Amino acid sequence: CAFDSVPADIGAIFTAMQFTPPSRCAHVNMYHTVKVAEGASGAYAHATTFEAAVHGFAGVGEAREQRKQLLDRMEARAP
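A quick note: this is a predicted structure, and the numbers were derived from the prediction, not measured. (Residues numbered from 1 in each chain as written. Predicted model: local features only at pLDDT ≥ 70, side-chain atom pairs only at ≥ 80, totals over all residues. Heavy atoms only, no water.)

A.B. asks: If you had to explain the overall build of the protein to someone new, which residues and values would you point to?
C.D. replies: Along its length, the protein carries three helices and zero strands. Starting at the N terminus and ending at the C terminus, the protein contains elements arranged as α-α-α. Within the protein, the fraction of its 79 residues that count as buried is 11%. As displayed, the protein offers around 7000 Å² of accessible surface, 60% of which is attributable to carbon and sulfur atoms. (Helix = DSSP H or I, 4+ residues; strand = E, 2+ residues; numbered from the N terminus. Buried < 20%, exposed > 50% of the residue type's maximum accessible area, 1.4 Å probe, protein only. Areas by Shrake-Rupley, 256 points an atom, 1.4 Å probe, with all protein chains shown as cover.)

Okay, here's the thing in structure tokens:
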């Protein structure tokens, strides 16, 4: 499991594909929430999660283009 989770992406694509033409899901917003217990001095995460977040934000443009290409291919195959 990483910050930019493949299951979340697949779920968003699956949901978008449920729209029947000519309707189309043009945009999906994902929100990440971190809750820290009251009185806690800080939040903790695994180093790999932190690295995935850093690389995910750094490569957001490339990932956006890859997702667009994937969605285009999936839409072309949709019945």
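There's more to say after this.
A.B. asks: So, the confidence of the model for the protein: which residues are in play, and what are the values?
C.D. replies: The predicted model of the protein has a mean per-residue pLDDT of 77, with 80% of residues at 70 or higher. Per-residue pLDDT, averaged within each element of the protein, yields its smallest value for helix α2 (residues 47–58) (77) and its largest for helix α3 (residues 60–77) (85). (pLDDT = per-residue confidence, 0-100.)

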